[in-house]
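Below, each chain spelled out in residue letters.
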Amino acid sequence: MKPMQADVIVIGGGLMGTAAAFFLRRRGRSVILLERGLVGQQASGVNFGNVRRQGRFLPQLPLANRSREIWGRLKELLGEDAEFLATGHIRVCYDPRQIGVIEAYAQKARDYGLDLELLNANSLKARFGFFGPEAIAGSYSPNDGHANPRLAAPAFGRAAARTGVAVFENTEIISIAKPGDDFQAIAADGRMFSAPIALVTAGAWGGALSRQFEEPVPIAVHGPQMAVTEPLPYRLKPVIGVSTAIPQEVVYLRQVERGNIVFGGGARGPAFADIRRAYAVPGHLGNQLRQIRRLVPALANMRVIRTWSGIESYLPDDIPVMGPSARVSGLYYAFGFCGHGFQLGPGVGDVMAELIDRGSTMTPIEPFHIKRFAVEAARSVSA
Amino acid sequence: MAEPRIVIVGAGPAGVRAAETLVASGVRPIVIDEGGRDGGQIYRRQPEGFRRSYASLYGSEAGRAEDMHRSFDALRDRIDYRPETLAWGIWEKQLHLLQGSRTSAVDFDALIIASGATDRLMPVRGWNRAGVYSMGAAQIALKSQATAIGKRVVFMGSGPLLYLVAAQYSKAGAEVAAVLDTSPFHLRVKALPQLIARPDVLLKGLALTLKLRRGGIEIQTGITPVEIEGRPEIGVETIRFRTSKGKVRTIACDAVALGYHLRPEAQLADLARCEFRFDAQTRQFFPVKDADGRSSVAGVYLAGDGALTLGADAAEVAGRLAALAVLSDLGRQVAGVQVARLRRRLRIFERFRRGIAAAFPWPAGAAAALGEDTVVCRCENITAGELRAAVSDNGAVEINRAKAFSRVGMGRCQGRYCGHAAAEVIAACAGVPVEAVGRIRAQAPVKPLIIGAESDAEQAA
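Residues numbered from 1 in each chain as written. Chains lettered and ligands numbered in written order. Predicted model: local features only at pLDDT ≥ 70, side-chain atom pairs only at ≥ 80, totals over all residues. Heavy atoms only, no water.

- Going by what an unreviewed UniProt entry lists, chain B is known as FAD/NAD(P)-binding oxidoreductase and is assigned to Mesorhizobium kowhaii.

- Within an unreviewed UniProt entry, the label attached to chain A reads Sarcosine oxidase subunit beta, and the organism entered is Mesorhizobium kowhaii.

### Brief notes about the overall build of chain B
(1) Moving on: The helix and strand inventory of chain B stands at 17 helices and 24 strands.
(2) Moving on: The C-alpha radius of gyration of chain B comes to 22 Å, within 12% of the 23 Å expected for a compact globule of 461 residues.
(3) Moving on: Along the first, second and third principal axes, the C-alpha atoms of chain B reach 70 × 50 × 45 Å.
(4) Moving on: Long-range contacts, defined as pairs at least 24 residues apart, comprise 66% of the intrachain contacts of chain B with a sequence gap of at least 6.
(5) Moving on: Carbon and sulfur atoms make up 52% of the accessible area of chain B, which totals about 18,500 Å².
(6) Moving on: With 61 positive and 48 negative side-chain charges, chain B shows a spacing of 6 Å between the two charge centroids. (Helix = DSSP H or I, 4+ residues; strand = E, 2+ residues; numbered from the N terminus. Rg over C-alpha atoms; globule rule 2.2 N^0.38 Å. Contact = heavy atoms within 4.5 Å. Areas by Shrake-Rupley, 256 points an atom, 1.4 Å probe, with all protein chains shown as cover. Lys, Arg positive; Asp, Glu negative; His and termini not counted. Charge placed at Lys NZ, Arg CZ, Asp CG, Glu CD.)

### Observations concerning the UniProt feature "domain: FAD/NAD(P)-binding" (unreviewed entry) in chain B
(1) Moving on: Look at the UniProt record and you will see "domain: FAD/NAD(P)-binding" (unreviewed entry) annotated at residues 5-311 of chain B.
(2) Moving on: Secondary structure across residues 5-311 of chain B comprises 28% helix and 31% strand; the distance between its end C-alpha atoms is 28 Å. (UniProt positions renumbered as here; feature names shortened; annotations may be inferred.)

### Considering the UniProt feature "transmembrane region" (unreviewed entry) in chain A
(1) Moving on: The feature "transmembrane region" (unreviewed entry), as annotated in UniProt, sits at residues 6-24 of chain A in this numbering.
(2) Moving on: Counting secondary structure, residues 6-24 of chain A comes out at 53% helix and 21% strand; the distance between its end C-alpha atoms is 12 Å.

### A look at helix H10 (residues 345-358) of chain A
All names here are of chain A.
(1) Moving on: Compared with an ideal rise of 1.5 Å per residue, which puts 14 residues at 20 Å, H10 spans 20 Å between its outermost C-alpha atoms and is within 8% of the ideal.
(2) Moving on: The element H10 is extensively covered by neighbouring structure, given that 12 of its 14 residues are classed as buried.
(3) Moving on: Regarding H10, the residues found buried are Gly345, Pro346, Gly347, Val348, Gly349, Asp350, Val351, Met352, Ala353, Glu354, Leu355 and Ile356.
(4) Moving on: Gly359 sits one or two residues past H10 and shows a positive phi near 85°. (Expected span 1.5 Å × (residues − 1). Buried < 20%, exposed > 50% of the residue type's maximum accessible area, 1.4 Å probe, protein only.)

### Observations regarding the interface of chain B and chain A
(1) Moving on: With 32 residues of chain B at the interface, the matching set in chain A holds 35 residues.
(2) Moving on: Between chain B and chain A, the buried area comes to about 2,900 Å², and carbon and sulfur atoms account for 55% of it.
(3) Moving on: It is Trp91(B), Arg401(B) and Ile451(B) in chain B that bury the most area against chain A; as a group they hold 25% of the surface buried on that side.
(4) Moving on: Glu230(A) serves as the salt-bridge partner of Arg412(B), at 2.2 Å between the closest nitrogen and oxygen.
(5) Moving on: Across the contact surface, chain B and chain A share 14 residue pairs in polar contact (both at pLDDT 80 or more).
(6) Moving on: Secondary-structure elements contributing two or more residues to the side of chain B that touches chain A are strand S4 (85-91), helix H14 (399-406) and strand S23 (449-450) of chain B.
(7) Moving on: Taken together, the residues that form the side of chain B that touches chain A break down as 14 nonpolar, seven polar and 11 charged.
(8) Moving on: Pairing of strand S21 (residues 303-308) of chain A with S23(B) involves two bridges; the strand directions are antiparallel. When the bridges of S23(B) are listed, Val304(A) appears paired with Leu449(B). (Buried area = accessible area lost by both parts, 1.4 Å probe. Salt bridge = Lys/Arg side-chain N within 4 Å of Asp/Glu carboxyl O. Polar contact = N/O pair within 3.5 Å; in protein donor to acceptor, adjacent residues only side chain to side chain. Nonpolar A, V, L, I, M, F, W, Y, C, P; charged D, E, K, R; others polar. Pairing = 2+ DSSP bridges.)

### Digging into helix H4 (residues 135-145) of chain B
Residue and element names in this part refer to chain B.
(1) Moving on: For H4, a buried count of eight out of 11 residues is recorded, marking the element as mostly surrounded by other parts of the structure.
(2) Moving on: Looking only at H4, the buried set comprises Met135, Gly136, Ala138, Gln139, Ala141, Leu142, Lys143 and Ser144.
(3) Moving on: Those residues of H4 hidden inside the fold are in contact with helix H2 (54-58), strand S8 (117-119), strand S9 (132-134), strand S10 (152-158), helix H5 (160-172) and strand S16 (255-260).
(4) Moving on: Positive phi shows up at Ala146, right after H4, with a value of about 55°.

### Describing the nonpolar core
(1) Moving on: Core analysis: the biggest nonpolar cluster contains 85 residues, and Trp71(A), Met322(A), Val348(A) and Val376(B) have the highest contact counts within it.
(2) Moving on: Ranked by residues supplied to this core, first place goes to helix H1 (residues 15-26) of chain A with eight residues.
(3) Moving on: Beyond its immediate chain neighbours, meaning those up to four positions away, Trp71(A) contacts Leu15(A), Val51(A), Phe84(A), Ala147(A), Ala152(A), Phe342(A), Gln343(A) and Pro346(A).
(4) Moving on: Leu86(B), Leu95(B), Leu97(B) and Ala266(B) belong to the second-largest nonpolar core, a separate cluster that totals 56 residues. (Core = buried A, V, L, I, M, F, W, Y, C linked by side-chain atoms within 4.5 Å.)

### Points about the UniProt feature "domain: BFD-like [2Fe-2S]-binding" (unreviewed entry) in chain B
(1) Moving on: As recorded in UniProt, the feature "domain: BFD-like [2Fe-2S]-binding" (unreviewed entry) lies at residues 375-427 of chain B.
(2) Moving on: End-to-end, the C-alpha atoms of residues 375-427 of chain B are 17 Å apart, and along that stretch the chain is 49% helix and 9% strand.

### Some details on the domain arrangement of chain B
All names here are of chain B.
(1) Moving on: As far as domains go, chain B holds domain 1 (6-116 + 265-356), domain 2 (119-261) and domain 3 (365-437).
(2) Moving on: Counting from both sides, the interface comprises six residues of domain 1 and, opposite them, five residues of domain 3.
(3) Moving on: Regarding the contact of domain 1 and domain 3, the summed buried area is about 550 Å², with carbon and sulfur atoms giving 52% of it.
(4) Moving on: The tally of links between domain 1 and domain 3 comes to two salt bridges.
(5) Moving on: Between Arg416 and Glu265 there is a salt bridge whose closest N-O contact spans 3.1 Å. (Domains from an automatic or database assignment.)

### Digging into the pairing of strand S13 (residues 224-231) of chain B
Residues and elements named next belong to chain B.
(1) Moving on: In terms of strand pairing, S13 meets strand S14 (residues 235-242) through seven bridges, oriented antiparallel. When the sheet's bridge partners are listed, Glu229 is paired in S14 with Thr238.
(2) Moving on: Hairpin connection from S13 to S14: three residues lie between these consecutive antiparallel strands.

### Things to note about the pattern of salt bridges
Residue and element names in this part refer to chain B.
(1) Moving on: Counting across every chain of the model gives 61 salt bridges over all chains.
(2) Moving on: Among the ionic pairs, Arg125 bridges to Glu227, the shortest N-O distance being 3.2 Å. In this pair, Arg125 sits in the loop between S8 and S9 while Glu227 sits in strand S13, placing the two residues 102 residues apart along the sequence.
(3) Moving on: Residue classification places Glu227 among the buried residues on the basis of a relative accessible area of 12%.
(4) Moving on: Between Arg240 and Glu229 there is a salt bridge whose closest N-O contact spans 2.7 Å. Note that Arg240 is positioned in strand S14 and Glu229 in strand S13, a separation of 11 residues in sequence.
(5) Moving on: Under the relative-accessibility criterion, Arg240 is labelled partly exposed at 23%.
(6) Moving on: Salt bridges linked by common partners bring Arg17, Glu20, Asp67, Glu316 and Arg320 together as one network.

### A short note on the environment of Ala121(A)
Residue and element names in this part refer to chain A.
(1) Moving on: By the secondary structure assignment, Ala121 is in helix H6 (residues 121-127).
(2) Moving on: Residue classification places Ala121 among the partly exposed positions, given a relative accessible area of 37%.
(3) Moving on: Note: C-alpha distance between Ala121 and Ile136 (15 residues apart in sequence) is 4.6 Å.

### Some remarks on the side chain of Asp119(B)
All names here are of chain B.
(1) Moving on: For Asp119, the location among the structural elements is in strand S8.
(2) Moving on: Buried Asp119, no salt bridge; nearest opposite-charge side chain is Arg263, N-O distance 8.3 Å.
(3) Moving on: Only 2.9 Å separates the side chain of Asp119 from the side chain of Ser134, close enough to count as a polar contact.
(4) Moving on: Among the polar contacts listed, one links the side chain of Asp119 to the backbone nitrogen of Met135, at a separation of 3.5 Å.

### Let's talk about unusual backbone geometry
(1) Moving on: A cis amide bond links Ala444(B) with the next residue in sequence, Pro445(B), at an omega value of -5°.
(2) Moving on: Mapped onto the elements, Pro445(B) comes out in the loop between helix H16 (434-437) and S23.
(3) Moving on: For Glu83(A), which is not glycine, the phi dihedral falls at a positive 60°.
(4) Moving on: Within the secondary structure layout, Glu83(A) lies in the loop between helix H4 (74-78) and strand S5 (89-93).
(5) Moving on: Among the residues examined, Glu83(A) registers a relative accessible area of 40% and is labelled partly exposed.
(6) Moving on: For Arg407(B), which is not glycine, the phi dihedral falls at a positive 75°.
(7) Moving on: The residue Arg407(B) is located in the loop between H14 and helix H15 (419-430) in this model.

Below is the structure:
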């Protein structure tokens, strides 16, 4: 069979892959996008939908800022906005010791162009009267917000296809190699795809592909525990989260314009990459409900109508793999976003397209290079 | 070996007979009942203090209802009965419960799911108006609260329940404006060879129809629903339909009961990760089970209409069989003769079910004809046009994908009422078999769960 040829093969049709394909096409590259299931079906489609910058790993903020700028232009770029709303994002804390943490973060974030408003107990009460009495301070990021994960990646995928990207769904790549000048990707049904450049954006399955180029990464999969309530009048504008050092206190929620409140947080559930399933664990809901009541007591009378999960990939240092391969020229990676990739998605696509097109990017992504695991592997061997 | 922990979900005909069979073997099961009293939907008991006779409440089924209630009363002290308790989730061998605003969990070695069925509905323009009820809801109003859904009621849909509920309303003194059946009469004649499998039920059905006609109630077969009309402030005012001869007619009414047979409440089976199979005749998915009710998951058993809609009598048989399967799998001695006899009876019910399905087919074709502005998903207010856009503009062919794009089936009922119709709309729009469209995956909680719910442990603290 004759392979299908393009300038770039993108493997993985989540938010990262569809956005990268879209921006590569805008830079005039011919692109083949390969997706094992349907576009945006895994982590990209089932996450909380946070378009949040505050609280991130500081060196990631330039990337997050670039992404935030694209979120604001989604309608113009894609013809649809994926329900993006710049509603603001607020994190509150319960523990006085945490106040110092959010203050220090706000100060450093300013250097990265992210202005946060700090709120004490009184100003919190005045501005956001819905918080419970335990919330003693907060940090408000006025230009963050949220969007609908079910819509974002498919919107990028459709826009990519409209502008000429060859999108293949239900196409599982079982092997990829670079025998000569070109990469050759072979699908489970024998179809072949060939290009001088390959970008791996395969999320939880990214590690299986990087291993084929002898760049293994210690990737783990987990299922976030998500839930949604019945609709109520649209009142809670900002996305709400908790800043805490105690994992079980982590809860986040947002109200969509339709009125439903989406929430998540707390213990993660099991995920199974082989059968492409992750489960919401009923036993985890109790703690989430307790934390929701603590955060916004008025929600106690609302009802949860659905819970769900999805397959997210995590790396031990809680930051993604992003950038060129350390071993193979023409090979690039962007996967393993550790549960915080949704906001970054459009920016990752734009940055990867720039990196592939120009050989460098204006946005610093050095901390995410895959070589950090090669160093670790070598160290553990010599030790 | 410790006493096996056996949990039954449901206290309708299947659940009660399962419990009875277990008790007879010296086992004390936990019986989880969403209702306040036993009986399930069909033999729903009236609230405490109501004093209607069995004959007035259950008509031709009075004897069976009374027998069922007596059986349960006799079991009451030998089972752990938990009324008004919702089984909302399953994780491994643990069932998650909600009672009032208290959550708890019970461990089980064997779980018998006898969760019953709800109405299978096909939308019609205006079915979201106030005054339109499902057939089951119309029946609950009567049985539980001794009230009718309206003063002048039209019964529309298909299946035996259409005639049964209409007759119950008529008997209770409500005015039945008309019975409108989408199935053409000749299919009933054609299905006779299968329907004769249960001559008594067949005769009962004929007598019911005759009684309705004698009472001067208009019965139309082979109709096509057009629209339920009315005003927001008043609700339903008229119903419009096309007769089998193609004439458009309007009937004045203030309420409509709607239903096309039943569909299993199979969410718990789904959450237990049981396999499902597609039934081509009725165009829906049923959880897979063997002749005795074993699901594809070890330790999970399915009985009654919650697995396969065979009706109340069959549910009693299936409940007994499932309990015997549980006992047998736990290594207890079970009489083979009894099992063989029950299986034989179940096969007769199955033949009859096929006959009923042939005589009163699910009107799949109506989905393709739904107007663009007809609401398909009532919870989320999603129209046929919006759902079709998810298919034609956004490429969704599988129903969970279409749900993600359009919100169809995302509301309070989680697609229990619109899922089957939505699948038909998608199939017709995409030009694929409805089997390929699939079914909406169940997600806990089975019914809405209040955020204020606290666990047993929290309450104790």
